[in-house]
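So the chains spell out like this:
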Amino acid sequence: MTDEDTTTDERTAAEKRSERISVSEGSTTRRNVLKAGAVGAATAALAGCSSLLGGDDGDSVNIDQDEVSAGLLTFTEGAAAILGQQAQRGAEMAVEWINDAGGIAGQTTMSLETQDEGSNAVDKYNQFIDDGKDVTFGPISSGTHEELFQEIETNQVVNVGTDGTVTTLYEGEDPTYSFRFQNYDVMEVMASVFEILERVGADNIDTVAGVNPGYSFGQDEMGIFETAIDRLADAETVYSGFPDLGSGDYASHISSINSEEPDVVFSSLWGGDASTFLDQAFQRDMFDNVQAVAGPVFYGSADAISEDVVKGVERGKILSGSRNYYWGIPEPGRSPDSDALYDAATGQDGITVPTAHYMSGFGAVTAWATAVEAAIDILGEFPDQEQIAATLEGHGFYTPGGYYTMNVDHQCRGNGYAGVLQWDDNIGAPVIEDVNIFSATQISPSPTGALTSQNEQTGEGWVDSL
Amino acid sequence: MVTSSIALLEANSVLLQSGIIEGLQNLLQPDTFIVQTINGIRFGFILFLIAAGLTVILGILDVLNLAHGELYALGAYVAASVGGFLVGEGTAAIMAPPSSFDPVTSFAFVGVLILAALISALILVPIGVVMETVFIRPIYERDQVYQLVLTFALLLIIANMIEFIWGSNPQKLDLSTKTAVNDIPTFELLGLSGVPSIVTLIMVVSLVVGVGLFYFFSKTKTGRIIRATAIDREMATALGVSPDRTFTLVFALGAFLAGFGGAMELVRTAANPGMGESALVLSFVVIVVGGLGSLRGAVVGALVIGVLQNWMTVVEPSLESAAPFAVMVIVLLVKPEGLFGTWGERT
Amino acid sequence: MTPGISREDGQLKIRIMKGMELTVRETLGLVAGLVILFNLPTITTLAGDLPIRQRPIYRGIVFGLAAVGLNLLLRHSELVSFGHAAFFGTGAYTVAVLVSDYQVKSATVLLVAAIVAATLMAALIGYFTLPHTGLYFALITLAFGQLLFSIVKGQRALGGTDGISVRTGEAGVTILEQFPTLFGIQLTGQEVPNTILLWFTLVVVIISMLVMYRIVKSPFGRALDAIGQERTRARFLGLPVKRYVWAAFIISGIYGGIGGGLFALYFRSVAPGETLQVFVSGDILYMAILGGFGTLTGPLIGGIVLETLANIANEVVFTGPAGETQMGRFITGAVLLLIVFVFPKGIVGSLKPGGRVFEGAKTLKNDPTVAGPWFRQFGQVTVEAAKRSVKNVRYLLFGVK
């Protein structure tokens with residue numbers, strides 16, 4: 001299926017947008033918003049997908065709403081800050097753009113407060129609620145997201161999850177206020193799997209191995225990978241290691257790989273761990289013994305990855321996913337919005353290149369703000385929490401990174417990006433070349449029918465049925 | 001609810017299907033076995049450098065220093081700065097990493113790296129002295145529970161200070177540094193691939209330090225005084241030994257060893273927030289297995305734990321982190337005084 | 001005997017129940033504490049921006065309860081447990097598993113189950129730790145605690161490191177309806193159920209404290225004291241040392257289990273890092289010492305103070321060479337140092353007659369001029385310590401000459 005469906009971006013992003021915009025016009029959330037109790041301005045025209053860059057007709061209604069205050073939970077400290085800071089800067093940039101355009105619907109500006117989710121994250125979330133935040137975003141950690149998920153329902157204030165991508169979290173559940181922007185684990189693993197099949201070829205893969213972080217996320221990712229690679233390439237897993245987070249020691253895992261010589265190594269290590277792993281693999285000549293090493297989130301730690309490794313390894317042997325966003329797509333020069341975001345991001349403190357985690361923050365804020373604008377268009381007034389939640393269901397919106405749909409199961413689905421990790425001397429950071437774009441329908445089960453959550457096919461069940 | 005669908009996937013895991021037996025077969029393949037054992041020994045040597053200080057301080061000062069792991073972490077962080085200073089591209093750099101193997105420059109470069117590690121470890125000496133003289137000395141006579149509070153407080157303070165100074169991103173030396181060391185052939189000469197020379201470097205240097213430590217305690221006068229103090233504090237005092245100075249010396253030595261271990265690990269990997277905590281907990285296991293306060297026990301304990309944990313990554317990866325504690329529990333139940341009892345008489 | 005007021009040795013005593021008489025000061029403190037805790041929801045609302053928050057205080061109460069249990073070993077048998085998280089975690093996980101896998105929803109049933117599970121766990125671990133004292137006891141409890149932690153976090157059925165949500169996950173029911181119930185009220189974490197759960201928790205805590213009071217005043221409690229002072233002598237006196245220590249260990253574990261069970265009901269999510277890890281064990285121990293391990297209520301107050309402190313301290317952010325850093329651990333460490341060097345009897349111990357604060361305040365009241373010498377003394381000690389370290393560094397580097 002990869003040959004047919006995988007585009008190496010022949011179509012421009014704009015073409016794709018126009019293809020999809022028609023879909024979204026039809027399915028916008030009027031029905032749901034009305035269901036949520038909005039009667040007043042039902043006749044207001046549907047704006048479809050509102051743009052962040054200046055509300056077009058928002059000025060026609062006068063919404064009586066003071067500044068909107070938002071809270072963001074992310075890692076600002078500790079090893080995961082390398083991911084968390086990207087999300088924070090992304091969210092800050094989205095807020096900045098909204099305010100530069102005069103605010104939501106051109107009238108209501110936003111403020112954003114960030115808290116570290118490293119310890120007692122839910123306490124801090126509750127503090128946001130006590131402080132009367134109108135919306136919350138975050139977190140990064142999947143464990144925290146699971147914990148937060150039910151708190152959000154308790155507090156009945158919309159949260160758009162930036163990350164925390166454990167697949168099962170939104171499955172078989174019927175949340176009202178909890179949403180997730182970033183693609184979930186199955187999607188990022190499947191993008192990596194298709195990327196591997198594309199580069200190495202299913203016929204050339206007999207054995208695979210994995211080195212994944214020794215906690216729930218790493219175990220989930222490896223489980224999904226093993227199933228998928230077994231179904232699609234009939235490959236056998238010959239080694240699977242789960243080093244502790246931050247252990248910094250992959251000697252024994254790499255030695256095992258060297259002696260098994262698997263065709264492909266899958267690793268969902270992130271942050272400093274990913275970089276340390278690649279360093280040590282390089283020192284121990286692991287790349288000579290395998291055809292490819294694929295990481296769904298290697299690029300998330302772009303800042304930490306060593307230049308010598310990327311340059312020293314044969315081209316095409318390190319493959320990296322980039323979740324639902326890669327800054328180089330649409331290609332520079334082809335989309336003013338995308339270029340503007342890249343320029344703005346690289347001007348921010350601590351951002352060498354914006355990664356998918358940057359979009360996690362940017363996209364979550366955008367999802368919420370565009371949904372509120374859409375609701376204002378329908379209602380003629382500022383929506384309440386229930387109305388915002390209803391509008392978000394099935395809500396489609398643009399960011400400079402492309403088009404995203406927040407599905408009725410509260411899980412946003414966007415394209416999955418993956419390609420060859422290379423070094424770019426001009427920007428002094430790794431880049432992804434030969435990017436493959438996998439559409440959301442390729443890398444996840446269709447969300448149709450997810451309204452009745454029991455009928456929904458689970459992500460992992462879908463992988464199993466491939 | 002969340003777990004049921006994962007269980008289905010887990011059933012696919014080849015390793016869990018085949019279980020520990022196949023893992024053992026994998027381990028017992030000669031190449032794997034040798035490489036994994038060497039990995040384990042290297043890890044064991046580093047563990048020994050940390051645990052040696054912990055166990056000697058415990059044996060002589062009767063203090064369980066919970067902040068000891070942070071000294072190890074501090075050593076790694078300091079080495080990242082010192083190393084970056086000495087081998088980087090700055091003005092103070094002694095030499096840059098050679099780009100290919102050349103006997104003279106490569107070994108000279110290794111010398112510079114060892115020098116950087118030594119300097120880093122020496123920087124920890126005054127820190128250790130301050131910890132002992134200012135904080136720990138006033139509480140020797142008090143209930144043991146206070147030393148646990150005190151050293152834990154120091155752990156928190158040092159860990160926070162590390163993050164304050166170096167931030168939360170991992171600190172490491174440039175990869176070219178590691179490549180320069182790996183370019184020197186070592187295990188390759190024995191026909192064994194897959195063990196980079198940086199591992200050889202760590203093993204050789206740690207071995208020298210370890211042997212030096214035993215020599216110090218058994219052959220030098222100061223070493224014998226320290227041992228005498230460990231055996232009988234009052235007797236040593238009566239013979240004119242100043243216990244105060246001995247205690248400070250021992251603590252500084254412990255800080256030096258932990259710092260040196262951290263600095264050597266940095267050459268190979270990176271300094272991470274949280275590395276001190278895991279090192280602390282593992283070195284507890286080491287000293288309990290070896291016998292509280294026993295230096296020989298620390299050697300054996302460190303090697304047992306280091307090698308076992310590395311074997312476990314092949315045999316049954318999911319038990320990797322539980323294995324050391326299982327060993328510790330078994331030893332405590334079967335031979336509560338540890339494999340080598342206490343230190344002092346028998347070195 | 002009924003509650004009442006009596007006069008003993010010229011001091012007014014208030015009798016709460018048989019064998020329990022408190023001074024006026026103690027009674028006032030107790031009443032004030034209870035009034036504050038029962039009105040916590042109102043107080044936190046009134047506090048506004050002040051860092052008085054219900055979640056950290058609740059966490060302090062339930063961990064503090066575990067610390068009260070730990071204190072039975074520490075104060076009376078002189079045994080330092082560094083693995084009490086094992087029992088706290090057992091209680092919390094028992095509740096979580098029963099709710100999510102077996103759809104048990106009654107909070108009281110869940111709490112009883114947590115107690116049973118913690119009893120079994122404590123009986124098991126306690127049996128193996130019996131022969132040990134001193135540091136070995138601390139280390140073997142630590143080893144068991146870490147073993148349990150490592151096993152649990154590797155179990156996918158227990159949610160691994162992400163842990164488990166304390167709700168049934170039933171199909172066709174909203175998320176809020178999946179939580180356990182207390183007296184027919186769904187524990188959704190919203191204001192009303194949270195207040196009711198808080199009151200219920202306080203009642204459980206009061207009962208637990210009364211039981212502990214009776215235990216330490218009983219012949220059994222005095223026997224533990226004797227064992228703590230000198231095991232061999234206690235054995236010669238005919239005390240069944242092992243059996244008594246084992247019993248104390250189990251009781252101490254039960255308190256951890258109750259704390260853990262209440263934790264799971266309130267926070268509705270249980271993960272190994274928050275309930276089982278070695279530093280959780282450390283926290284429980286430090287709560288006891290911070291509050292005063294020579295006292296009954298100290299560990300509980302230590303729990304509340306330590307959790308609130310950590311909550312406030314983390315809001316202190318310094319900008320260092322590497323950007324902004326939360327100084328929470330530094331501040332907590334500094335407070336622990338203060339406890340070691342200035343208030344070794346802990347918060348409650350220092351406020352009691354004979355304690356540092358109590359005596360200091362008395363001296364200060366009688367003669368305010370002592371403040372001057374105190375500061376001078378403090379300065380002298382600091383200068384001396386600094387001199388000593390400089391001297392020692394010099395010795396080490398240049399030898400003695």
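Residues numbered from 1 in each chain as written. Chains lettered and ligands numbered in written order. Predicted model: local features only at pLDDT ≥ 70, side-chain atom pairs only at ≥ 80, totals over all residues. Heavy atoms only, no water.

### Some thoughts on the overall build of chain A
Filter applied, for reference: In DSSP terms, a helix is any run of H or I states spanning at least four residues, a strand is any run of E spanning at least two, and both are numbered starting from the N terminus. Accessible area is worked out with a 1.4 Å probe on protein chains only. A residue is then buried under 20% of its type maximum, exposed over 50%, and partly exposed in between. When checking whether two residues touch, look at their non-hydrogen atoms; a contact exists if any pair is within 4.5 Å. Areas reported here follow the Shrake-Rupley algorithm with a probe of radius 1.4 Å; residue values treat only the protein chains shown as occluding.
Helix and strand content of chain A: 16 helices and 15 strands. The buried share of chain A, taken over its 466 residues, is 68%. Sequence separation of at least 24 residues holds for 74% of the intrachain contacts in chain A that already meet a minimum separation of 6. A total accessible area of about 14,000 Å² is found for chain A, and carbon and sulfur atoms account for 43% of it.

### Topic: the nonpolar core
Counted only if it meets this: Here, nonpolar core refers to any group of buried Ala, Val, Leu, Ile, Met, Phe, Trp, Tyr and Cys residues whose side-chain atoms link them within 4.5 Å.
Counting 220 residues, the largest nonpolar core has Leu285, Tyr286 and Ile289 of chain C as the members making the most contacts within it. For this core, the leading source of residues is helix 3 (residues 30–61) of chain B, giving 17 residues. Setting aside residues no more than four positions away along its own chain, Tyr286 of chain C makes contact with Leu66, Leu148, Val149 and Phe152 of chain B together with Phe82 and Leu336 of chain C. The next biggest cluster of nonpolar side chains, apart from the first, holds 91 residues, and it includes Ile104, Phe137, Ile152 and Tyr326 of chain A.

### Concerning the pattern of salt bridges
We count it as follows: Salt bridge, as applied in this entry: a Lys or Arg side-chain nitrogen positioned within 4 Å of an Asp or Glu carboxyl oxygen.
One pass over the structure, following the stated rule, counts 31 salt bridges over all chains. Between Arg268 of chain C and Glu151 of chain A there is a salt bridge, with its nearest N and O atoms 2.7 Å apart. One end of the pair, Arg268 of chain C, is in the loop between helix 10 (241–267) and strand 7 (269–270); the other, Glu151 of chain A, is in helix 6 (residues 142–155), on a second chain. In this structure, a network of salt bridges that share partners links the residues Asp123 of chain A together with Arg55, Arg59 and Glu307 of chain C.

### As for the sheet that holds strand 13 (residues 412–413) of chain A
Residue and element names in this part refer to chain A. The cut-off we apply is this: At least two bridges found by DSSP between two strands is the condition for calling them paired. To define axes, lines are fitted to C-alpha atoms, for helices over the stretch in contact only, and angles between the resulting N-to-C directions are given on a 0 to 180 degree scale.
In space, the three strands of this open sheet follow the order 11-12-13, with antiparallel pairing throughout. Where the open sheet ends on each side, the last strands, each with one partner, are strand 11 (396–399) and strand 13. One ladder, built from four bridges, connects strand 11 with strand 12 (residues 402–406); its direction is antiparallel. Each bridged residue has a counterpart across the sheet, and for Gly396 the counterpart in strand 12 is Thr405. In this fold helix 13 (residues 356–379) packs onto strand 11 and strand 12, with an angle of close to 135° to the strand it touches most, strand 11.

### Details of the domain arrangement of chain A
All names here are of chain A. Basically, it comes down to this: Start and end positions for the domains come from either an automated domain assignment or a database one. Buried area counts how much accessible surface, traced with a 1.4 Å probe, disappears from two parts once they are put together, with both parts' losses summed. For this analysis, a polar contact is any N or O atom pair within 3.5 Å, provided that within protein one partner can donate a hydrogen and the other can accept it, and provided that sequence-adjacent residues contribute only side-chain to side-chain pairs.
Taken domain by domain, chain A comprises domain 1 (27–183 + 334–413) and domain 2 (186–324 + 415–464). Across the contact, 32 residues belong to domain 1 and 34 residues belong to domain 2. Around 2,700 Å² of area is buried between domain 1 and domain 2 when both sides are counted, 55% of it from carbon and sulfur atoms. Looking only at domain 1, the three residues that lose the most surface to domain 2 are Ile82, Asn183 and Arg413, adding up to 23% of its buried area. Arg323 serves as the salt-bridge partner of Asp163, at 2.8 Å between the closest nitrogen and oxygen. Across the contact surface, domain 1 and domain 2 share 10 residue pairs in polar contact (both at pLDDT 80 or more). Elements represented by at least two residues in the side of domain 1 that touches domain 2 include exactly helix 4 (81–100) and helix 13.

### Concerning the interface of chain A and chain C
Here is the rule we go by: When residues are grouped by polarity, Ala, Val, Leu, Ile, Met, Phe, Trp, Tyr, Cys and Pro land in nonpolar, Asp, Glu, Lys and Arg in charged, and all others, Gly among them, in polar.
Between chain A and chain C, the residue contacts involve 29 residues of the former and 31 residues of the latter. With both sides pooled, the region where chain A packs onto chain C buries about 2,500 Å², and carbon together with sulfur makes up 32% of that total. On the chain A side of the contact with chain C, Asp123, Gln150 and Thr154 of chain A bury the most area, a combined 24% of that side's loss. Across the salt bridge formed by Glu173 of chain A and Arg167 of chain C, the nearest N and O atoms sit 3.0 Å from each other. Where chain A meets chain C, there are 17 residue pairs in polar contact (both at pLDDT 80 or more). Taken together, the elements giving at least two residues each to the side of chain A that touches chain C come down to helix 5 (121–130), helix 6 and helix 8 (216–233) of chain A. Among the elements that make up the side of chain A that touches chain C, the one with the highest residue count is helix 6 of chain A (nine residues). Residues of the side of chain A that touches chain C, tallied by class, amount to four nonpolar, 13 polar and 12 charged.

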